[in-house]
Amino acid sequence: MVQKDRENFGSRIAFIMALAGSAIGLGNIWRFPYMVGEYGGALFVLIYLFCAFFISLPILLSEAVIGKTARSSTYEAMGKLAPGTRWRMLGLLTVLSPFIILSFYSVVGGWSVDYLFRSCVSALDAGSQVSACELFGKVSGTSWETLLTFTVFLGMTALIIILGVKNGIEKFTKVAIPSLFVLIVAIAAYSLTLPGSWEGVRYLVTPDFSKLTSGTFAYALGQSFFSMSLGVGTVLTYSSYMKEDDSIVKSGIWTAVFDSIFAILAGFAIMPAVFSAGLEPGAGPSLVFETIPFILTKMGETAPVLSKAVTVLFFLTILGAALTSSISLYEVVELHLMERRNMSRKKACVVIFMAAWVLGSLCALSFGSLSGVKIFGETIFSFCDIFSSNYLMMLGAFLFSIFAGWKMDKSVVQGQVGKFFYFMIRWMSPVVILVIFVCNLVI
Ligand code: PHE
């Protein structure tokens, strides 16, 4: 039942754009292209697509079914669908994990604000690999600067959230997602015109069986979980706002399709440029914040106007993609506080901002003044990243599929997702997660 006082998305397209927005993010832009090269080229893409559609999609559907049926936040949903049970812990877990992810994700979002600003007002000082590295060191390691840009990014996220589901999230993602596709296609087109770029294309489309290891499947699965925003309640929360007559399956498939296409396009935007410059595709933030600025600055020597335009567009794309994801994380906690603590949207937004600012600041400073502070041998930033992406997300995804597959009424779930996906939710997804989780612990 759609409750009268609850906000809802205005249309199916709006819901799909919001879900796709949550999915499309930093994970697509820097993690996916790098992983493709590292773990077997086209072979990794195929394994990734298999994981995305046969394991991750059923989990997305299980979260969506819970959200659409309960029409409430993660915690309240568990209380409604399984009253008086420990399942509420899952509701709490999925308030904690998006909160942690929001905090460190906003730090990276802040770096994109910084690079965008710098590339707008002057040329990036990244003409050599050393200066590109130094620039990133400055952006991430200067306390006041990283705190400022992180605050700006978190503030932008909060502003969209405060406007609400229809006026904030819906309006923003409806414009942002099509724009992001146009931008990434334009950047890929530019990248493919660079001399020697076909090496990069080869890197992306050649299956390399020698790189196939037992870990490949686990990496592909982990990446598809992160990319499709599973196990942290974002899908559940957004689905609680979907229209009654919308199809969960169709919306879920579209989300997986958009997310996968965007990741592949990002590969074609980044790798040809990297190869054209004769560089090795580096892992993680260095690819986006060191290698690409270096390449674009180099291009600026011969084509200053074009390279400046591409630089600005590139960081705008990263910022846009990061924002469409961060609002989905914020909204999970927002709805929890609104329903559980009876807070107004505004008040909840401010409370989350302050709390995420504290944890996020610790993450931000872990690249500079707090770099010596270690938790289990990791900096605060890395610990939050690893703990939430590798453990909390997996656990959340596993429990959501068990809940939808084994705890909820069969007729409700099967009625929404159909026989095939019901089977996948019950058997395939939880078993695969369990096997991979145990293998990871043992290996
Ligand atoms: N899917 C986002 C990305 O690819 C990250 C994310 C994870 C967003 C979990 C929301 C929830 O960057």
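Structure: above.
Quick notes on the rules
- Residues numbered from 1 in each chain as written.
- Predicted model: local features only at pLDDT ≥ 70, side-chain atom pairs only at ≥ 80, totals over all residues.
- Heavy atoms only, no water.
- Helix = DSSP H or I, 4+ residues; strand = E, 2+ residues; numbered from the N terminus.
- Rg over C-alpha atoms; globule rule 2.2 N^0.38 Å.
- Buried < 20%, exposed > 50% of the residue type's maximum accessible area, 1.4 Å probe, protein only.
- Contact = heavy atoms within 4.5 Å.
- Areas by Shrake-Rupley, 256 points an atom, 1.4 Å probe, with all protein chains shown as cover.
- Lys, Arg positive; Asp, Glu negative; His and termini not counted.
- Charge placed at Lys NZ, Arg CZ, Asp CG, Glu CD.
- Salt bridge = Lys/Arg side-chain N within 4 Å of Asp/Glu carboxyl O.
- Near = heavy atom within 4 Å.
- Polar contact = N/O pair within 3.5 Å; in protein donor to acceptor, adjacent residues only side chain to side chain.
- 1 Å grid on protein atoms, 1.4 Å probe; cavity = no way out; pocket = protein on both sides within 12 Å on 5 of 7 lines; lining within 4 Å.
- Sits in = over half its atoms within 2 Å of the grid points.
- Nonpolar A, V, L, I, M, F, W, Y, C, P; charged D, E, K, R; others polar.
- Points joined across faces, edges and corners; volume = space filled by probe spheres on them.

Concerning the overall build of the protein chain
Along the protein chain, the regular secondary structure elements total 17 helices and 2 strands. Here the C-alpha atoms of the protein chain give a radius of gyration of 21 Å, agreeing with the 22 Å that 2.2 N^0.38 yields for 443 residues. When its C-alpha atoms are laid out on the principal axes, the protein chain stretches across 65 × 50 × 45 Å. Burial statistics for the protein chain: of 443 residues in total, 59% are counted as buried. Restricting to contacts in the protein chain with at least 6 residues of sequence separation, those with at least 24 account for 83%. Here the protein chain displays about 17,200 Å² of accessible surface, and carbon together with sulfur accounts for 69% of that area. Each charge sign in the protein chain was given a centre, from 30 positive and 25 negative side chains, and these centres are 10 Å apart.

A word on the pattern of salt bridges
Applying the stated criterion across every chain yields a total of 10 salt bridges. Salt-bridge contacts for E170 lead to K174; the nearest nitrogen and oxygen are separated by 3.9 Å. Of this pair, E170 and K174 both sit in helix α8 (residues 164–193), separated by 4 residues, roughly a single helical turn. For E199, the salt bridge goes to R202, with nearest N and O atoms at 3.4 Å. Taken as a pair, E199 and R202 lie in helix α9 (residues 198–205) at a separation of 3 residues, close to a single helical turn. Classification of E199 by relative accessible area gives partly exposed; the value is 38%.

Thoughts on the site of the ligand
Surveying the vicinity of the ligand reveals 16 residues, the closest of which are A23, L26, G27, Y105 and F226. In this structure, N28 approaches the ligand through a side-chain N or O atom, which is 3.3 Å from an oxygen atom. If the ligand stood free it would expose 320 Å²; the protein chains cover 100% of that surface. The pocket occupied by the ligand, as judged from atoms lying within 2 Å of grid points, is the largest cavity. For the shell around the ligand, the secondary structure elements donating two or more residues are α1 (12–23), α2 (26–38), α10 (214–227) and α14 (304–340). Counted by class, the shell around the ligand contains 7 nonpolar, 9 polar and no charged residues.

Quick look at unusual backbone geometry
Phi is positive for S229, close to 55°, though the residue is something other than glycine. A relative accessible area of 7% places S229 in the buried class. A positive phi angle is found at N342, which is not glycine, with a value near 55°. Inspection of the secondary structure puts N342 in the loop between α14 and α15 (345–365). Using a relative accessible area of 70% as the deciding quantity, one classes N342 as exposed.

Some thoughts on the environment of L337
Position of L337 relative to the elements: it lies in helix α14. Along the backbone, L337 and V310 are 27 residues apart, and their C-alpha atoms lie at a distance of 41 Å.

Topic: empty space enclosed by the protein
Following the criterion strictly, the structure yields 3 cavities of 30 Å³ or more and no others. Secondary-structure elements contributing two or more residues to the lining of the largest cavity are α1, α2, α5 (88–121), α10 and α14. Looking at the lining of the largest cavity, its residues break down into 8 nonpolar, 9 polar and no charged. In this structure, the second largest cavity spans a volume of roughly 70 Å³. Considering the residues around the second largest cavity, the lining is formed by I187, Y190, S191, A269, A273, I292, L296, V310 and F314. At the level of secondary structure, the elements contributing two or more residues to the lining of the second largest cavity comprise α8, α12 (248–276), α13 (285–300) and α14. For the lining of the second largest cavity, the leading source of residues is α8, giving 3 residues. Partitioning the lining of the second largest cavity into residue classes produces 8 nonpolar, 1 polar and no charged.

Function-wise, these values are silent; they only describe arrangement.
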